[in-house]
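Each chain, letter by letter, is given below.
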Amino acid sequence: INAEYGGAYRTEAGKPWVLPCVRQAESILASDETINKEYLSMSGLQSLCDAAMRLVLGESSPVIQEDRAVALQTLSGTGALYICFQFVDQFYGGCKDIYVSDPSWGNHKLMIDRIPGLNFKQYPYYNSETMTVDVDAMCRTLDGAAEGSVVLLHACAHNPTGIDPSRNDWEKIAAVCQKKNLLVIFDLAYLGYASGDYNEDAWSIRYFADLGMEFFVCQSFAKIMGLYSERVGALHFVGATSEIAHKCLSQMKIIVRSIYSNPPSHGARIASLCLNNRDLRIEWEDCLKEMHARIRRARTYLHTALKMANVPGNWDHILSQNGMFSYTGLTKAQCEVLIEKHHIYLLKSGRISMCGVTESNAKYVAESFKDAIETAKEN
């Protein structure tokens, strides 16, 4: 049983899913003879950038109306993060310490460490005893950061814990960021996966915008549209003024030019159609809700099976966590038993992809958990 998957959605049958709206968009593109293979601009497909911005900030966002938000197409969310980190290194005048949650997606540290001018730092996030976000410890650390440092925040469906701050928590986090004049970078890979509603999942970002804060958003369309191999993403910046925002966009374009000149068009056109075509947009929103619902069902299957098997411990966190992943609380030794004895493949941190759990295998997974806990205890 593969419970790793690396953040890729799987159906109940364990198969990849090409969304119906994506299939339709590809058919439309294939039959449109006006489309050519000319280069896109450095900022990419404008119709995608505009639609992505509205998706993140809201259709009637004041910052969009005031022209304080800019965006460019990137090579998925990873590309957005890399361009953003390069911008901080080359053009940001504040402290180059970048604070990342402990734990976080491993690629954050990998990218930051490869840019000599940046300093990787961590803030406490996960309380292993309560299996909740330790907001007080997080805020204390950020309050102790140097003025003008950079902080990377997971906007929703935190990877790897599956635990997000509450709205009250976000208010505390925003207050510290304002107090210390921190430059905020939102990582937005799983919009809609936390609640099934992209407007709900974008609340934290829109709250920061309402406060008048400046920040970046690194957005991916890999998970939310199943466009993994197409590498479609966007990097957004919200500035204090329109002039600042557009000057930053100009510098981001220079970084793009020096790395890959311009992004690919095919995946961008698919995503743009799914967002801008009314019928495809409705179908995409339904698909997003189904992916979220499938993962919620997987959580229920596993939680029920764990209780039925009388597996030691309280497993309610399986239900309270959200998004693609679950931090099970299993130890490294217990994970090794699962991998070597039961052939359930997960990270040794205890993180599992909920897409690896199905109605048909939940009982086996639960019984394997029980054996792993008992076996590791004996050893």
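Residues numbered from 1 in each chain as written. Predicted model: local features only at pLDDT ≥ 70, side-chain atom pairs only at ≥ 80, totals over all residues. Heavy atoms only, no water.

Asks: Explanation requested: the overall build of the protein in the structure shown.
Replies: Check the secondary structure of the protein and you find 16 helices and eleven strands. For a compact globule of 379 residues, the expected C-alpha radius of gyration is about 21 Å, and the protein comes in at 21 Å, within 12% of that figure. In terms of its C-alpha atoms, the protein occupies a principal-axis envelope of roughly 65 × 55 × 35 Å. The burial tally for the protein puts 56% of its 379 residues in the buried class. Looking at the protein alone, contacts between residues at least 24 apart form 76% of all its contacts between residues at least 6 apart. As presented, the protein carries roughly 15,900 Å² of accessible surface, and 49% of it is formed by carbon and sulfur atoms. When the 37 positive and 43 negative side-chain charges of the protein are each reduced to one mean point, those points stand 3 Å apart. (Helix = DSSP H or I, 4+ residues; strand = E, 2+ residues; numbered from the N terminus. Rg over C-alpha atoms; globule rule 2.2 N^0.38 Å. Buried < 20%, exposed > 50% of the residue type's maximum accessible area, 1.4 Å probe, protein only. Contact = heavy atoms within 4.5 Å. Areas by Shrake-Rupley, 256 points an atom, 1.4 Å probe, with all protein chains shown as cover. Lys, Arg positive; Asp, Glu negative; His and termini not counted. Charge placed at Lys NZ, Arg CZ, Asp CG, Glu CD.)

Asks: Hey, could you run me through the sheet that holds strand 8 (residues 215-220) in this one?
Replies: Neighbouring strands of a sheet are bound in pairs by backbone hydrogen bonds; such pairs are parallel or else antiparallel. One open sheet accounts for seven strands, arranged 1-9-8-7-6-2-3; its pairing is mixed. Of all the strands in the sheet, just strand 1 (69-75) and strand 3 (119-124) have a single pairing partner and so form its edges. Taking each pair of neighbouring strands and ignoring which way they run, the sheet shows an average axis angle of 25°. Across six bridges, the pairing between strand 8 and strand 9 (residues 232-238) is antiparallel. Bridge pairing links Val217 to His236 in strand 9. Sheet strands in contact with helix 2 (residues 46-57) are strand 1, strand 7 (183-188), strand 8 and strand 9, and its direction is about 115° off that of strand 1. The strands touched by helix 11 (residues 242-259) within the sheet are strand 1, strand 8 and strand 9, with strand 1 carrying the most contacts at an inclination of about 15°. (Pairing = 2+ DSSP bridges. Axes fitted to C-alpha atoms, helices over the stretch in contact; angles between N-to-C directions.)

Asks: What is the right way to read the nonpolar core from this model?
Replies: Note that soluble globular proteins tend to have their nonpolar side chains buried in a common cluster. Ranked by size, the top nonpolar core spans 107 residues in total, and within it Leu153, Phe186, Phe208, Phe215, Phe221 and Trp284 carry the most contacts. Sort the elements by how many residues they give to this core and helix 13 (residues 278-308) lands first, with ten residues. Filtering out sequence-adjacent residues up to four positions away, Phe186 remains in contact with Leu153, Ala155, Trp170, Ser204, Ile205, Phe208, Phe215, Phe216, Val217 and Cys218. Listed in part, the 31 residues of the second largest apolar core include Phe85, Ile98, Val100 and Cys248. (Core = buried A, V, L, I, M, F, W, Y, C linked by side-chain atoms within 4.5 Å.)

Asks: Sorry if this is basic, but what is going on with the packing of helix 1 (residues 20-31) against helix 12 (residues 266-276) here?
Replies: Where helix 1 meets helix 12, the closest approach of the two axes is 9 Å, and the angle between their N-to-C directions is 115°. One finds that helix 1 runs roughly perpendicular with respect to helix 12. By crossing handedness, the relation of helix 1 to helix 12 is classed as right-handed. Residues Cys21, Val22, Ala25, Glu26, Ile28 and Leu29 of helix 1 touch helix 12, and the partners they reach there are His266, Arg269, Ile270, Leu273 and Cys274. Grouping the amino acids of the contact of helix 1 with helix 12 by side-chain chemistry returns eight nonpolar, one polar and two charged. (Parallel < 35°, antiparallel > 145°, perpendicular 65-115°, else oblique. Left-handed = near helix turned anticlockwise from the far one by under 90°. Nonpolar A, V, L, I, M, F, W, Y, C, P; charged D, E, K, R; others polar.)

Asks: Please explain helix 4 (residues 76-91) as it appears in this structure.
Replies: The α-helix advances 3.6 residues per turn, and as a result positions three or four apart in sequence lie on the same side. With 16 residues, helix 4 extends 22 Å between its outermost C-alpha atoms, agreeing within 8% with the 22 Å of an ideal straight helix rising 1.5 Å per residue. Among the residues making up helix 4, those that are buried are Ser76, Gly77, Gly79, Ala80, Leu81, Ile83, Cys84, Phe85, Gln86, Phe87 and Val88. (Expected span 1.5 Å × (residues − 1).)

Asks: Can you help me understand the side chain of Thr358 in this one?
Replies: Mapped onto the elements, Thr358 comes out in the loop between strand 11 (351-353) and helix 16 (362-378). Apart from the residues lying within four places of it in its own chain, the contact partners of Thr358 are Glu12, Arg294 and Tyr301.

Asks: I keep staring at the pattern of salt bridges and nothing clicks. Help me out?
Replies: Two side chains bearing opposite charge may form a pair once their charged atoms approach each other closely. The tally for this structure, following the rule as stated, stands at twelve salt bridges. Of the charged contacts in the structure, one is a salt bridge between Glu12 and Arg294, with a shortest N-O distance of 3.6 Å. Here the residue Glu12 occupies a position in the segment before helix 1, and Arg294 occupies one in helix 13, the gap between them amounting to 282 residues. Given the relative accessible area of 1%, Arg294 is considered buried. The salt bridge involving Glu336 is made with Lys348; its shortest N-O contact spans 3.7 Å. Taken together, the positions of Glu336 in helix 15 (residues 332-340) and Lys348 in the loop between helix 15 and strand 11 put the pair twelve residues apart, joining distant regions of the chain. Look at Glu336 and you get partly exposed, because its relative accessible area is 25%. Look at Lys348 and you get partly exposed, because its relative accessible area is 44%. (Salt bridge = Lys/Arg side-chain N within 4 Å of Asp/Glu carboxyl O.)

Asks: In this structure, what is going on with the environment of Val22? I would like to understand it.
Replies: Following the sequence through the fold, Val22 ends up in helix 1. Take Val22: its relative accessible area is 4%, and that puts it in the buried class. Taking the C-alpha atoms as reference, Val22 lies 9.6 Å from Glu283; in sequence the two are 261 residues apart. If we skip the residues at most four places from it in the chain, Val22 touches Met225, Leu227, Ile270 and Cys274.

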